[in-house]
Amino acid sequence: MRVLKEPLLHFFLIGAAIFVWFHIIAPESENVEDIEKITLDEDDVALLSARFEAQWKRPPSDAELKALVDASIREEVLVREARKLGLDRGDPLIRTRLSQKMDYLTEAIATSIVPNDEDLEVFLQENAERYATPVMVAFHQVFLGEKPGEAEIENALATLRAKQDVSDLGGSTLLPASMPLSATRVIESVFGGGFSKGITEVETGRWTGPIQSGYGIHLVQVVAIEPSQTPPLAEIHDAVLRDWRREMSEALAQAQYDTLAENYEIVAPDLSGPAK
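Only a predicted model underlies this, so the values are computations on that prediction, with no experimental measurement involved. (Residues numbered from 1 in each chain as written. Predicted model: local features only at pLDDT ≥ 70, side-chain atom pairs only at ≥ 80, totals over all residues. Heavy atoms only, no water.)

So, on to the layout of surface pockets. Quantified by volume, the second largest pocket comes out at close to 200 Å³. What lines the second largest pocket is Y257, L260, A261, Y264 and I266. (1 Å grid on protein atoms, 1.4 Å probe; cavity = no way out; pocket = protein on both sides within 12 Å on 5 of 7 lines; lining within 4 Å. Points joined across faces, edges and corners; volume = space filled by probe spheres on them.)

In structure tokens form, the structure reads like this:
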């Protein structure tokens, strides 16, 4: 599919460039040769100040900023000493966090890409069912009870079709005698599962039945049906864009993983045999 191939190629190229860039600019403090050197520059201090202000809605005082710097240095010292002791190896929390940061990096790449409307239109058409509006139905109904006889049903139906007095028809119920134009899921929530399917297949304007609900048997007159339709892109642009980016992000993450995995010889038990 073109929408998957072309943007994915762009993402992949951008992603590869960013991963290489991260490798190049990796702080020297991460290198084994300079493991004893800890450097906090003005950008690091500005970042600490910005984080404080985002949390407390005001800039830190001089004393608070110094405390933030001291805490950052203390954290770095302890982290390096923990690494020397190998405490980071085999820790599931650390491994999960590092894996998540790689995923976040990939998602950031996908978010930075702005697709054109042609790409989104193709995505919309390929996933039209996802965005389709529900079928809407408006109808009147007469409840005949849980198990009315065939003669009772036929007599009630004939009376309704003849437009005669129906005040004495039907059983006692709290169900609404009429429903305005409503989504089928709303109708199902009132009358029970399967009821909406029965009324969307009948002739509009004509009393018909019997139709089973969760409560019993009904005669129904559908007065209007609005079929499902896919809105134009302009009406659901933001939703389509969000879904497009999510799927592109997932595709990019898998492609990026496949590329990185090629650098490893992976040995694992063969679990493809028959289940025990």
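Next comes the rest of the description.
Okay, unusual backbone geometry next. Even without being glycine, K57 reaches a positive phi, approximately 60°. Along the polypeptide, K57 turns up in the loop between α2 (42-56) and α3 (62-84). According to the relative accessible area criterion, K57 is exposed, its value standing at 71%. (Helix = DSSP H or I, 4+ residues; strand = E, 2+ residues; numbered from the N terminus. Buried < 20%, exposed > 50% of the residue type's maximum accessible area, 1.4 Å probe, protein only.)

What follows covers the packing of helix α5 (residues 117-126) against helix α10 (residues 237-261). The description of two helices packed together rests on the angle between their axes and the distance between the axes. Look at α5 against α10: their axes get within 10 Å of each other, and the N-to-C directions meet at 85°. With respect to α10, the axis of α5 lies roughly perpendicular. Contacts between α5 and α10 involve D117, D119, L120, F123 and L124 on the former and, on the latter, H237, V240, L241, D243, W244 and E247. For the contact of α5 with α10, the class distribution of residues is six nonpolar, one polar and four charged. (Axes fitted to C-alpha atoms, helices over the stretch in contact; angles between N-to-C directions. Parallel < 35°, antiparallel > 145°, perpendicular 65-115°, else oblique. Contact = heavy atoms within 4.5 Å. Nonpolar A, V, L, I, M, F, W, Y, C, P; charged D, E, K, R; others polar.)

A word on the pairing of strand β4 (residues 217-226). Examined bridge by bridge, strand β1 (residues 136-145) and β4 share nine bridges and lie antiparallel to one another. Bridge assignment links F143 to a residue of β4, and that residue is H218. Two strands pair when backbone bridges link them, and strand β3 (residues 207-212) and β4 are joined in this way by four bridges, in the antiparallel orientation. Opposite I211, over in β4, you have H218 as the bridge partner. (Pairing = 2+ DSSP bridges.)

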